[in-house]
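# Understanding the architecture of this molecule
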Amino acid sequence: MRSSRRQVLTAMAASAIASRAETGGAPVKLVVLDTGGTIIQDRGDVPEAMIDACGHHGIRIAPEDVAPLRGASKREVVRRFVDQRAPKGADHDKLAEAIYAEFNAQVIAAYKNVPPIEGVEDAFREMRKAGLLLVGSTGFGRVVADSIYQRLKWQEHFVAVITGDDVTMGRPAPFMIFHAMEAAKVFRLADVIAVGDTPLDLQAASNAGVRGVGVLSGAGTRERLQAEKSAVILKSVAELPQWLKTLG
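In this text, all values refer to a predicted model and were calculated from it rather than measured experimentally.

### Quick notes on helix H4 (residues 74–85)
Along its 12 residues, H4 runs 16 Å from first to last C-alpha, staying within 8% of the 16 Å computed at 1.5 Å per residue. All buried positions along H4 are accounted for by Lys 74, Val 77, Val 78, Phe 81 and Val 82. One side of H4 carries all its buried residues, which in axial view fall inside an arc of 135°. Buried residues in H4 make contact with helix H2 (45–55), helix H3 (63–66) and helix H5 (92–110).

Next up, the structure:
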């Protein structure tokens with residue numbers, strides 16, 4: 001069953017890349033929202049947790065190693081560093097699981113008091129009132145995502161939350177977006193907008209064949225986000241409802 005679903009998602013990705021339809025001005029049904037830096041504040045805790053967790057297990061990495069991977073599946077990031085830099089003779093599977101567990105624990109602790117981006121909860125309500133479906137997405141694993149969404153009581157706003165643990169390949173692969181579409185029962189790419197604060201968020205949107213919206217509330221700079229194929233760059237998700245109204 002899992003293999004069959006994976007084949008369907010892969011076919012969707014291939015179709016989107018091969019023949020991407022023009023979507024400018026089309027109505028929107030589904031908004032896929034990244035989490036850290038997009039709807040909850042980014043204080044730099046995540047790179048620090050990754051560096052610390054790896055370091056505690058003999059793998060030295062620096063901020064410049066982590067920066068290009070912002071927005072990626074954290075499980076994949078850990079595995080990449082393990083495969084590249086693990087001590088000789090180490091069991092890569094066990095080492096990766098140990099680092100990932102420690103990283104998750106640090107992030108959960110760090111995010112206990114991190115507030116939402118200003119204005120996003122009003123934006124959620126306004127978009128839902130307009131009849132839009134919202135799905136959260138994140139490179140975090142399920143345990144971290146649940147700790148954030150449950151603490152903030154955001155479940156009422158979202159049809160689903162798709163995590164890095166739910167896909168075999170995280171961003172910039174398009175599969176998180178396709179899972180979001182599946183959860184929301186939205187099948188037309190033209191009906192979807194994906195919003196995020198990193199280049200990988202926008203690359204995933206492009207690879208999925210949906211419109212990407214970059215926000216400046218997190219890790220990405222205007223210059224870096226504009227280099228990607230994004231429909232627009234906004235200051236934050238707080239501006240999203242008003243921008244959506246311009247689509248007609």
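### Remarks on the environment of Val 66
Residue placement: Val 66 occurs in helix H3. Look at Val 66 and you get buried, because its relative accessible area is 6%. In this structure the C-alpha to C-alpha distance between Val 66 and Glu 48, which are 18 residues apart in sequence, comes to 9.2 Å. Leave out the neighbours within four places in its chain, and Val 66 touches Pro 47, Met 50, Ile 51, Ile 61 and Phe 81.

### A closer look at the pairing of strand E3 (residues 160–163)
Pairing geometry for strand E2 (residues 133–138) and E3, over 4 bridges, is parallel. Its bridge partner lying in E3, Gly 136 is registered against Val 161. Read from E2 through helix H7 (residues 142–151) to E3, the crossover connection turns out right-handed.

### As for the nonpolar core
Ranked by internal contacts, the top residues of the largest apolar core, which has 56 residues, are Val 31, Leu 33, Met 127, Leu 240 and Leu 244. In terms of residues, this core owes the most to one element, H5, which gives 6 residues. Once residues within four sequence positions are removed from consideration, Leu 244 is found in contact with Val 28, Val 31, Met 127, Leu 132 and Ile 193. Residues Ala 173, Phe 178, Ala 180 and Val 210 belong to the second largest nonpolar core, which totals 20 residues.

### Comments concerning unusual backbone geometry
Cis geometry is found at the peptide bond from Arg 171 to Pro 172, where omega equals 15°. A positive phi angle, near 55°, is found at Lys 153, a position not held by glycine. Within the secondary structure layout, Lys 153 lies in the loop between H7 and E3. We note that Lys 185 has phi near 60°; this positive angle belongs to a residue other than glycine. Inspection of the secondary structure assignment puts Lys 185 in the loop between helix H8 (175–184) and strand E4 (192–196). Taking relative accessible area as the criterion, Lys 185 reaches 74% and is therefore assigned exposed.

Rules and cut-offs
- Residues numbered from 1 in each chain as written.
- Predicted model: local features only at pLDDT ≥ 70, side-chain atom pairs only at ≥ 80, totals over all residues.
- Heavy atoms only, no water.
- Helix = DSSP H or I, 4+ residues; strand = E, 2+ residues; numbered from the N terminus.
- Expected span 1.5 Å × (residues − 1).
- Buried < 20%, exposed > 50% of the residue type's maximum accessible area, 1.4 Å probe, protein only.
- Arc of directions from axis to C-beta.
- Contact = heavy atoms within 4.5 Å.
- Pairing = 2+ DSSP bridges.
- Right-handed = clockwise from strand over helix to strand, strands pointing away.
- Core = buried A, V, L, I, M, F, W, Y, C linked by side-chain atoms within 4.5 Å.

Purely geometric stuff here, so don't read any function into it on its own.
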